[in-house]
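Overview (structure and organization)
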Amino acid sequence: MASSLFFFLSLLLLHQPLFSSANVHKINLLKSQLLPQLSLFKDSSPIQFFEVTKPIDLPRTRPCSRLVLSHDFGFTYGQPPVFADYSPPSNCPSNDFSKIVLEWKATCKGRQFDRIFGVWLGGVELLRSCTAEPTASGIVWSVEKDITRYYSLLMTNQTLAVYLGNIVDSTYTGVYHANLTIHFYPAEEKTGVHGSNFENLGSGHGSWADLILPISRNLPLNDGLWFEIKDSMDTQLKEFKIPRNTYRAVLEVYVSFHENDEFWYTNLPNDYIAENDLSDTPGNGPFREVVVSLDGKVVGAVWPFTVIFTGGFNPLLWRPISGIGSFNLPSYEIEITPFLGEILDGKIHTFGFNVTNALNVWFVDANLHLWLDKHSPRTKGKLLKHISLPLDVSQVLDFKGLDGTFLTTASRRVLSIGLVKSSFGNILTHSIQDFYYSNSIVMQNDGDTQIVNQSIFSNDTVHVKIPFSGIYSIKLEKEFPLFLYTGYFDQGNGDYIFGTDFTLGFEQKKSSKVAGSESSERHLKNLQNGEGKMVIENDSIVGATGSTQQVYSYKDREGCYFRNISSLNYDIVYDKVRKTCSKLEQLSFDFGSSNLAYSEPKSFSSI
């Protein structure tokens with residue numbers, strides 16, 4: 001197993017490092033010295049990699065499954081996406097499906113970086129994911145995603161596109177062999193059409209969209225369908241036109257960050273970089289947000305979760321347990337309904353995307369979910385109130401040389417109220433987005449140690465007043481905590497130690513009310529802790545380790561799911577799964593970060 005560890009550490013050295021420029025130069029020197037010494041471990045069996053998540057709730061019916069794509073992704077970088085003709089299943093006993101699941105299953109063998117990829121149907125993004133990094137003996141991993149919300153799209157003939165930009169040469173030998181399957185589960189009796197229309201509210205809440213428009217780049221392309229945002233001045237635009245009988249609209253946004261902004265939450269202020277003449281260090285500070293505009297007017301924002309891809313910091317941290325969100329990146333919703341009065345004129349309008357403080361490169365696109373009034377050829381709307389306060393950012397810097405402390409805070413609020421006149425009556429929608437951000441960075445040991453402590457809070461609330469149905473409200477609270485300790489320790493005589501200690505969390509509470517009464521509530525806490533070390537003596541890797549521990553806890557009014565799992569290097573050392581709730585869990589839906597506290601890391605220099 002030791003040779004296999006050395007192989008993965010070579011990938012670590014090939015990744016752009018996180019530390020100060022002084023550390024960058026040291027790691028760049030080690031790349032050429034250590035890579036030729038690394039051998040591939042060939043005697044073990046393929047390893048199963050996975051992301052810890054709650055299994056999808058499936059009906060008891062037998063699915064109609066279709067393999068929609070089978071492809072080997074070799075040298076695909078800068079090439080067109082892979083295409084396949086898609087048509088809805090025709091051999092099922094029923095076309096009334098309560099659950100539709102996309103399954104990506106892939107294998108790879110050799111040496112390869114982590115690669116971002118996307119799956120689009122008719123230009124609508126269904127999945128954004130990161131590949132696992134392979135071993136010489138091979139790996140296998142799969143992603144299962146509930147795509148039932150795309151029901152209307154999946155019931156029509158479309159073109160499927162998959163882009164995975166891979167490079168294969170004498171150094172990077174891994175080819176990704178992938179199968180993409182869609183499983184259609186017929187509805188059980190008494191569940192109703194596609195298992196989702198449990199509320200006939202007229203607001204569109206409680207049913208899937210009737211139409212989904214792609215807010216992505218048009219084919220042909222030699223890349224993915226996402227927009228590439230290269231800096232903070234770069235705004236990407238997409239024109240669209242909606243049916244004139246639309247009564248609800250939601251924009252679903254996909255976001256990922258790469259190259260100089262892959263670790264944006266660790267980026268240092270430009271003043272620090274200039275003062276220390278760090279020409280190769282990513283800057284613009286640690287704050288980023290995706291701003292969404294409609295015809296030039298800010299309508300919402302995304303403050304993204306800090307997904308760490310499978311090659312991040314120390315690849316041994318993510319084997320076999322992958323980072324939160326790395327195999328199934330989250331998407332983010334912005335309620336567009338209050339603005340329907342601005343775009344129900346039958347004319348072309350424009351969505352815009354830009355990223356505050358961005359460096360090269362961000363991939364952003366979106367899907368516009370629309371609900372149509374089937375009893376009226378036209379709806380009418382009016383924007384009653386819209387407040388988008390300027391981003392409030394503050395920064396406190398205190399540094400001398402390469403050591404110092406940096407505190408960044410930010411907040412934003414977007415409030416919109418709009419009226420839509422439909423066959424259901426007048427629907428009043430009130431939407432609020434609240435965000436708060438805090439990031440503390442400490443640089444120590446002449447810039448060779450970096451400590452990052454960050455929290456992102458968001459609160460999305462939508463109130464809908466519907467004739468004869470009262471008020472429907474939905475509230476989504478999120479917290480993304482992150483702690484990261486990275487250190488480079490020169491032991492003298494050509495000996496070095498690299499260390500990483502991290503805590504990564506995702507907490508979410510979603511609740512909805514109808515006429516003031518609770519109708520549903522869901523609470524998810526997902527927390528990872530990990531530690532990675534690498535020891536180098538006389539320009540040779542002599543020791544390495546990576547350990548990860550994760551606790552995943554989900555509960556709603558139907559039940560609970562709990563998993564506590566730990567890994568050391570490639571082995572699972574503890575795994576406990578529980579699918580039932582205690583009485584306390586059934587009654588408690590407290591939201592907060594009390595269980596997401598951080599502890600000081602161990603001193604890697606004492607190893």
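Residues numbered from 1 in each chain as written. Predicted model: local features only at pLDDT ≥ 70, side-chain atom pairs only at ≥ 80, totals over all residues. Heavy atoms only, no water.

For the protein chain, the name recorded in an unreviewed UniProt entry is Peptide-N4-(N-acetyl-beta-glucosaminyl)asparagine amidase A, with Trema orientale as its organism.

The full count for this structure, using the stated rule, is four cavities of 30 Å³ or more. Considering only enclosed or pocket space, the second largest cavity measures out at about 120 Å³ in volume. For the lining of the second largest cavity, the secondary-structure elements that each account for two or more residues are strand E15 (297-302), strand E16 (331-335), strand E22 (425-444), strand E23 (449-466) and strand E24 (470-492). If you tally residues by element for the lining of the second largest cavity, the top one is E24, at three residues. A per-class count over the lining of the second largest cavity returns seven nonpolar, two polar and three charged. (1 Å grid on protein atoms, 1.4 Å probe; cavity = no way out; pocket = protein on both sides within 12 Å on 5 of 7 lines; lining within 4 Å. Points joined across faces, edges and corners; volume = space filled by probe spheres on them. Helix = DSSP H or I, 4+ residues; strand = E, 2+ residues; numbered from the N terminus. Nonpolar A, V, L, I, M, F, W, Y, C, P; charged D, E, K, R; others polar.)

Taken as a whole, the protein chain shows an average pLDDT of 87; of its residues, 86% reach a score of 70 or greater. Between residues 191-200, whose pLDDT stays under 50, and residues either more than four places distant or in other chains, the model counts 23 contacts. The model gives residues 589-607 a pLDDT under 50, and that stretch makes 51 contacts with residues more than four places away or in other chains. (pLDDT = per-residue confidence, 0-100. Contact = heavy atoms within 4.5 Å.)

We now examine the state of the cysteines. For the structure on display, the rule yields two disulfides. In this model, Cys64 is linked to Cys92 through a disulfide, with the two sulfur atoms separated by 2.0 Å. Of the two residues, Cys64 is situated in strand E2 (residues 64-73) and Cys92 in the loop between strand E3 (82-86) and strand E4 (97-108); the sequence distance between them amounts to 28 residues. Looking at Cys64, the relative accessible area reads 11%, which means it is buried. Take Cys92: its relative accessible area is 13%, and that puts it in the buried class. Across the disulfide, Cys560 is cross-linked to Cys581 (sulfur-sulfur distance 1.8 Å). Between Cys560 and Cys581, the disulfide has an S-S torsion of 115° and is therefore right-handed. (Disulfide = S-S within 2.5 Å. Buried < 20%, exposed > 50% of the residue type's maximum accessible area, 1.4 Å probe, protein only.)

Now for the pattern of salt bridges. A pair can form between side chains of opposite charge whenever their charged atoms are brought close. Inspection of every chain in the model, using the stated rule, returns 20 salt bridges. Asp365 serves as the salt-bridge partner of Arg128, at 3.3 Å between the closest nitrogen and oxygen. Of this pair, Arg128 sits in strand E6 (residues 124-130) while Asp365 sits in strand E18 (residues 362-372), placing them 237 residues apart in sequence. Pair check on accessibility: Arg128 and Asp365 agree, each one buried. Where Glu342 meets Lys297, a salt bridge forms, and the shortest distance between an N and an O atom there is 3.4 Å. Of this pair, Glu342 sits in helix H5 (residues 340-343) while Lys297 sits in strand E15, and the two are 45 residues apart along the sequence. (Salt bridge = Lys/Arg side-chain N within 4 Å of Asp/Glu carboxyl O.)

A sheet is described by the order of its strands in space; here five strands give the open sequence E1-E7-E4-E9-E2, paired in mixed fashion. Only two strands of the sheet have a single partner each, and these edge strands are strand E1 (47-49) and E2. Taking each pair of neighbouring strands and ignoring which way they run, the sheet shows an average axis angle of 15°. Examined bridge by bridge, E4 and strand E7 (residues 139-146) share eight bridges and lie antiparallel to one another. Pairing of Ala106 across the sheet is with Trp141, part of E7. (Pairing = 2+ DSSP bridges. Axes fitted to C-alpha atoms, helices over the stretch in contact; angles between N-to-C directions.)

What follows covers the sheet that holds strand E14 (residues 290-294). One key point about sheets: their strands pair by backbone hydrogen bonds, in either a parallel or an antiparallel sense. Read across the open sheet, the four strands follow the order E12-E17-E14-E15; overall the sheet is antiparallel. Each end of this open sheet is capped by a strand with a single partner; those strands are strand E12 (236-240) and E15. Across the sheet, the mean angle from the axis of one strand to that of its neighbour is 25°, orientation sign disregarded. As judged from the five bridges shared by E12 and strand E17 (residues 349-355), these two strands associate in the antiparallel manner. Directly across from Glu239, in E17, lies its bridge partner Thr350.

This part is about the side chain of Arg149. Structurally, the position occupied by Arg149 is in the loop between E7 and helix H3 (151-154). A distance of 2.8 Å separates a polar atom in the side chain of Arg149 from a polar atom in the side chain of Glu333. Residues in contact with Arg149, not counting those within four places in the same chain, are Trp208, Ile212, Glu252, Glu333 and His369. (Polar contact = N/O pair within 3.5 Å; in protein donor to acceptor, adjacent residues only side chain to side chain.)

Take the pairing of E18 next. For E18, the tally of buried residues reaches eleven of eleven residues, placing the bulk of the element in the interior. Burial of E18 is two-sided: the residues Trp362, Val364, Ala366, Leu368, Leu370 and Leu372 facing one way and the residues Phe363, Asp365, Asn367, His369 and Trp371 facing the other way are all buried. Bridging between strand E10 (residues 211-215) and E18 involves five bridges; their strand directions are antiparallel. Among the inter-strand pairings, Ile215 is bridged to a residue of E18, identified as Ala366.

The next thing to look at is the nonpolar core. Counting residues in each nonpolar core, the largest one holds 142 residues, and the members touching the most others are Trp104, Trp141, Leu251, Phe351, Phe353, Trp362 and Leu368. Apart from the residues within four sequence positions on either side, Trp104 is in contact with Phe73, Phe117, Leu127, Trp141, Ser142, Val143, Val162, Leu164, Ala178, Asn179 and Leu180. (Core = buried A, V, L, I, M, F, W, Y, C linked by side-chain atoms within 4.5 Å.)

Positionally, Ile334 belongs in strand E16. For the pair Ile334 and Val253, spaced 81 residues apart in sequence, the C-alpha to C-alpha distance is 7.9 Å.

As enumerated under the stated definition, the model contains 33 aromatic pairs in all. With a centroid separation of 5.8 Å and an interplanar angle of 85°, the aromatic rings of Phe257 and Trp264 are classed as edge-to-face. The residues Phe257 and Trp264 share a single accessibility class, namely buried. An aromatic cluster is built from Phe257, Trp264, Tyr265, Phe309 and Trp362, whose rings are joined through pairwise contacts. The ring centre of Tyr150 lies 6.0 Å from the NZ or CZ of Arg149, which sits over that ring. Across from the ring centre of Trp371, 4.6 Å away, lies the NZ or CZ of Arg248, which sits over that ring. (Phe/Tyr/Trp six-rings, centres within 6.5 Å; stacked < 30°, edge-to-face > 60°. Lys NZ or Arg CZ within 6 Å of the ring centre and 35° of its normal.)

Nonpolar side chains collect at one region of the surface, where Leu568, Val573 and Tyr574 lie side by side and expose about 280 Å² of accessible area between them. With respect to the helices and strands, Val573 occurs in strand E29 (residues 571-578). Take Val573: its relative accessible area is 55%, and that puts it in the exposed class. (Patch = residues over 30% accessible without salt bridge, like charges linked within 9 Å, V, L, I, M, F, W, Y side chains within 5 Å. Areas by Shrake-Rupley, 256 points an atom, 1.4 Å probe, with all protein chains shown as cover.)

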